[in-house]
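# Summary of the model geometry
Each chain, letter by letter, is given below.
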Amino acid sequence: MPIPSEPVPATEEHQATAPARGEEGGLDGYRRVERLDTSADGVGWWLAAGPDGDRCVLMAPEGARADDASYRLRFWSEANNSRRLGHRSVARVKSTSAAGARIPWVAYDCFPALPLGVALTAHGEPFPGQVVRGWGVALAEALWHAHSQGLVHAGISSRSVLLTPHGPLLTGYGLVRAASVEGTERHAVPGVAEVSLPPEQRAGGRPQPPGDVYALAAVLAFAGGAEDEQDGPSHQWEEVVARCLSADPADRPRAEELLRVLQNSTPVPDGQLPERLVAAMDSQAAQTPESFEGAPTSPPPVNGTAEVETASPAGPPAAAAPSSSPSRRSVLTAVAPAAAGLALGTAGVTAWRVFGPEKTGPHAQQIRGAAPAPLWHFGLPDRSTEDSSLLAERRYLLMGHKGGIVAFDIVKGKKEWSRDDVLPSQILDAGHGDVLVASGGSQGEFLLLSARSGKVKWRERAYMQPPSMALLLAAEAGVLWFLAEDFSGGDELEQAVIAYSLRRRKKLWRAPIPAGFVETLTPPGPGVIGPALLKSEILVAGTGLEFSQDNFAFVALDRRDGRRKWKKEYDDISSTSDGLVLPLEGDLLIADTVEGLRGMSLSRGKERWTVAVKGGVNAHRAVRRGTVYIADSDVTTYAIDYRSGRVKWKRKHANPHEQGYNLSSMSLSASGRVLLRAGMAEIDALDTRDGSLVWRLAMAGSGEFSGNPGTVVASRPGVVIVDDRRNIYAVPVD
């Protein structure tokens, strides 16, 4: 069996980049004391002092990777989710950085500790096969435990495996995913030895459980080196390792099979670590005081991830647990699964339906904590921040871009069609499988096309001349309402609402509104004050910059004939407000006011209820069955009965300064059980029953959208679609 070899240790030039012993290399209260690994390829491990003075191991990006905003966000997301790896053979996460930290980091609660590659150098020769296979039992158990829950480590190598007095511990969760987005060839992965990188991941494939098996086998083969005859592994052991290192993932065994073989081929260990390794750890402990002088006394930073506990799955073939706690020299060999927290990691879940156990109940796989991995994703054409999107027929997602329009079937997870002769500035659902598109290339033109096929059914060009169509307002039951503008009468602008029959392709009525009442330069997007369609009336929002008034106003027109029913200015809402303004049926308006979130009469402005909030109320909201979900300036989220103003629950965000007031979307899953709140750093999924965190997701974005975590643009049963302006992702939900 070929034995993988490690890359040449870092040069003196590389080693010089690490902080020397005692250097004040601070990261958010953590002081890097001494570098543990010998490579400087973009990720490093350090012995560090925490804010509480305790010793720990710190992992963080460095050099060009630390300057790359996209990499920083991916690294942080993976590090944050690694705290869900609850297993005795996984290094416990002490703390992680905040999402917007200058340099992201993760602190592991383990000391003393040596990376496997460094430990091998200290040992001076390959470790005995019995010792290596004992470590393999512990690590294979950790992998089996993770894979059975749908989690993929994607970062196992001789650098990320730390040897401690109590056995080996896994660190470096998600380093392969952090290195680059799926589909991008990975020539090198910071923090991962080249020989540990499976061929399919090197080619840009999504990390899956067979890749972890390959990486672990490479690590064990590297650590064991050539076996001697007295300690030689069985033929079964050699065979399974060779299969683990197969180029084809389908030929590799699963983690539980590897675990069984390791158990069967490993004699009962003598409980001793190699003497040279013990000496190296003793030296590290002796040279490092138990509590660092001058360390801050404040508690370590907390990133706000909710702690959860979940039951362990049924174990593999039983093995004897140790009769007592391991001594400082003992080797961890017990494989009884630990009952510790584990949750789905961002981009860490792959085909868990294939590799994981079958469900045994309705919620067998609903594990809270970090986000599940996307079921699929597509790269998008070049887009701007103003490009629109729409889900039609709860199936076809249409998206505008700089070169045209493209549609995806989100049920099948495939691109359906694209057109380069339609440049949409707006897209509205026309019903019956059709959509209305306002042309961004020909002012005043709008057209009807099939959402399924992309076929243009007709184009309306009559309103390309004054009065020209300036803004699509709403469409329902075969009628389109749009705003028309006319400059032909001189300098004064005339605006009017026109109702248009989609079947007969003719005007139904025209209703003038005050000049400059509506801003038409930028179509209103999600979370922006705009028109609203109620059962009997269409509301036109006073958003015009040229319409001189201090207070915000609505004009209500009868849907049937365009008759003005009322016009109301609201004393408590500024005309320049960018907060929540939400009209609802039952003559109700919910709005952000100086007094708080207020429910009032839509037509008269009379107060019905007020809820005190911190600062303003973000314009993004979600509504379902009598409940409105909103967030204030501190990103505290509220569920409010909008008929009475009763607060059902409110949930503070752990790190509001990382999200800020700039939420980018607030939406519900198709079932209504999960609230999706997208901010500047991440998307949070909250349980609508009590606001508790279900999972947290951070996409990386790229180019001008680097660091953009994405927004939820569509949902259907079991899935939500996240758009980060460069890609769309289908994320499992409910």
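Residues numbered from 1 in each chain as written. Predicted model: local features only at pLDDT ≥ 70, side-chain atom pairs only at ≥ 80, totals over all residues. Heavy atoms only, no water.

As annotated in an unreviewed UniProt entry, the protein chain carries the name Pyrrolo-quinoline quinone repeat domain-containing protein and is attributed to Streptomyces reniochalinae.

This next bit is on the environment of Ala98. Note that Ala98 resides in the loop between strand 5 (93-96) and strand 6 (106-108). In this structure Ala98 comes out as buried when scored by relative accessible area, which is 19%. In sequence terms Ala98 and Trp76 are 22 residues apart; their C-alpha atoms lie 7.9 Å from each other. (Helix = DSSP H or I, 4+ residues; strand = E, 2+ residues; numbered from the N terminus. Buried < 20%, exposed > 50% of the residue type's maximum accessible area, 1.4 Å probe, protein only.)

Moving on to the sheet that holds strand 14 (residues 414-419). Taken in spatial order, the four strands make up an open sheet running 11-12-13-14, and their pairing is antiparallel. Each edge of the open sheet is held by one strand with a lone partner, namely strand 11 (389-392) and strand 14. When the angles between neighbouring strand axes are averaged without regard to direction, this sheet yields 20°. Bridging between strand 13 (residues 404-409) and strand 14 involves five bridges; their strand directions are antiparallel. Bridge pairing in strand 14 links Asp409 to Lys414. (Pairing = 2+ DSSP bridges. Axes fitted to C-alpha atoms, helices over the stretch in contact; angles between N-to-C directions.)

With that out of the way, let us pick up helix 3 (residues 69-81). End to end, helix 3 covers 18 Å across 13 residues, agreeing with the expected 18 Å (1.5 Å per residue, within 8%). Counting buried positions over the 13 residues of helix 3 gives eleven, a clear majority of the element. All buried positions along helix 3 are accounted for by Ser70, Tyr71, Leu73, Arg74, Phe75, Trp76, Ser77, Glu78, Ala79, Asn80 and Asn81. In this structure Asp68 caps helix 3, since a side-chain oxygen of it lies 3.0 Å from the backbone nitrogen of Ser70. (Expected span 1.5 Å × (residues − 1). Polar contact = N/O pair within 3.5 Å; in protein donor to acceptor, adjacent residues only side chain to side chain.)

This brings us to the pattern of salt bridges. Within the structure shown, the criterion is met by 30 salt bridges. When the shortest N-O distance is used, the salt bridge between Arg202 and Glu194 registers 3.8 Å. Connected via shared salt-bridge partners are Arg35, Asp37, Asp41, Glu62 and Arg159. (Salt bridge = Lys/Arg side-chain N within 4 Å of Asp/Glu carboxyl O.)

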